[in-house]
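Structure assessment
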Amino acid sequence: MGSKERKAREKDQRRKAILDATRNLLLKKGIANISIRKIAELAELGLGTIYSYFSSKEEIFAALSEEVFDLVFEKVSEAAASAGGPAERIRAIAGAFIDFNKNHTSYYDFLDFFISTPQIIFPPEIKSRIDRNGDRLLDPVIAAIEDGVREKKFNCPDPRKKALIFIGTLHGLMHFKKMRNTLLKAGELEELFDAAVESFIFSLSNKAG
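Here's a quick rundown of the structure. Source: prediction; values computed, not measured.

Glancing now at the overall build of the protein. When its secondary structure is counted, the protein shows ten helices and zero strands. From first element to last, N terminus to C terminus, the protein shows the α and β order α-α-α-α-α-α-α-α-α-α. Taken along its principal axes, the extent of the C-alpha atoms in the protein is 60 × 45 × 35 Å. Counting over 209 residues, the protein shows a buried share of 39%. Intrachain contacts of the protein at a sequence separation of at least 6 include 69% that bridge at least 24 residues. With an accessible surface of roughly 11,800 Å², the protein has 53% of that area assigned to carbon and sulfur atoms. Across the protein, the centroid of the 33 positively charged side chains sits 3 Å from that of the 30 negatively charged ones.

Taken N-terminus to C-terminus, the directions of helix α5 (residues 86-103) and helix α9 (residues 159-174) make an angle of 35°; their axes are 11 Å apart at the nearest point. Like other packed secondary-structure pairs, α5 and α9 cross with a definite hand, here right-handed. Residues Ile90, Ile93, Ala94, Phe97, Ile98 and Asn101 of α5 form the contact with α9, whose own contacting residues are Phe166, Ile167, Leu170 and Met174.

Counting through the fold element by element, Ile201 comes out in helix α10 (residues 188-204). Along the backbone, Ile201 and Thr22 are 179 residues apart, and their C-alpha atoms lie at a distance of 39 Å.

Further remarks concern unusual backbone geometry. Even without a glycine there, the phi angle at Glu44 is positive, about 60°. Within the secondary structure layout, Glu44 lies in the loop between α2 (36-43) and α3 (47-53). Glu44 gets classed as exposed once you look at its relative accessible area, which sits at 72%.

A few words now on the nonpolar core. Counting residues in each nonpolar core, the largest one holds 59 residues, and the members touching the most others are Ile39, Ile50, Ile60, Ile90, Phe97 and Phe166. Of all the secondary-structure elements, those providing two or more residues to this core are α1 (3-29), α2, α4 (57-82), α5, α7 (124-134), α8 (139-150), α9 and α10. Looking at this core, the element that brings in the most residues is α4, giving eleven residues. When residues no more than four places from it in sequence are discounted, the contact partners of Ile39 are Ile18, Ala21, Thr22, Leu25, Ile34, Ile50 and Ile60.

A separate point is α7. All buried positions along α7 are accounted for by Ile126, Ile130, Asn133 and Gly134. Taken end-on, α7 shows its buried residues confined to a sector of 95°, consistent with a single buried face. Projecting away from the buried face of α7 at angles above 90 degrees are the exposed residues Pro124, Glu125 and Arg132. Where the residues of α7 are buried, they touch α4.

Below, the discussion takes up α8. The terminal C-alpha atoms of α8 lie 16 Å apart, and with twelve residues this matches the ideal 16 Å at 1.5 Å per residue to within 8%. The inward-facing, buried residues of α8 contact α4, α5, α9 and α10. Residue Lys152 follows α8 closely and has a positive phi angle near 60°.

The description of two aromatic rings rests on the distance between their centres and on the angle between their planes. Here the structure, examined in full by the defined rule, presents one aromatic pair. Ring geometry for Phe166 and Phe200: centres 4.6 Å apart, planes at 35°, overall tilted. Remark: Phe200 occurs in helix α10 and Phe166 occurs in helix α9; sequence separation between them is 34 residues. The pair formed by Phe166 and Phe200 is uniform in burial state, with each residue classed as buried. Above the plane of the ring of Phe73 lies Arg136, whose end atom (NZ or CZ) is 4.4 Å from the centre.

The rules behind each value
- Residues numbered from 1 in each chain as written.
- Predicted model: local features only at pLDDT ≥ 70, side-chain atom pairs only at ≥ 80, totals over all residues.
- Heavy atoms only, no water.
- Helix = DSSP H or I, 4+ residues; strand = E, 2+ residues; numbered from the N terminus.
- Buried < 20%, exposed > 50% of the residue type's maximum accessible area, 1.4 Å probe, protein only.
- Contact = heavy atoms within 4.5 Å.
- Areas by Shrake-Rupley, 256 points an atom, 1.4 Å probe, with all protein chains shown as cover.
- Lys, Arg positive; Asp, Glu negative; His and termini not counted.
- Charge placed at Lys NZ, Arg CZ, Asp CG, Glu CD.
- Axes fitted to C-alpha atoms, helices over the stretch in contact; angles between N-to-C directions.
- Left-handed = near helix turned anticlockwise from the far one by under 90°.
- Core = buried A, V, L, I, M, F, W, Y, C linked by side-chain atoms within 4.5 Å.
- Arc of directions from axis to C-beta.
- Expected span 1.5 Å × (residues − 1).
- Phe/Tyr/Trp six-rings, centres within 6.5 Å; stacked < 30°, edge-to-face > 60°.
- Lys NZ or Arg CZ within 6 Å of the ring centre and 35° of its normal.

Structure follows, in structure tokens:
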């Protein structure tokens, strides 16, 4: 390996260390208790090194958000591509979200942190960038709905609004996992997911109209 390749790898490793440290601090301490100094200490890097990669902790948060959105989008897109008709694609997308929540809990909890927090964390220009990136998650759902309309299986005048409802429903139900040992019986959460997805698909169908 040449010096150029080694430097590039080291640069990537330092950037990953910064993001990993920030993610761990966010989930354990909350956003109010994070500083660049604490990130540097956990990542075992100097303050100057942190600032050579990111101009502020908000920039680090934004990079983490985009990283998670990229991972979710990849899984959702793969699931949609492997399914058949429009309804099957919607079921596959829902399954991908649920699997991501199960298999990448820390990543999903991090994403949930930013979605659920009432605080205004990002300045407008960074918020717009994150929103544009996150908006891609709607694309596979919108595409499935639009194909269903073209095939005359669905009746939906506003696919984007329906996609927002779908993603919002899945995200809300994922919070119910906290009730597994209280309100929900064994297997009941999975049944709720299935029922919600089937109800959504039926709401798109010509039968519902």
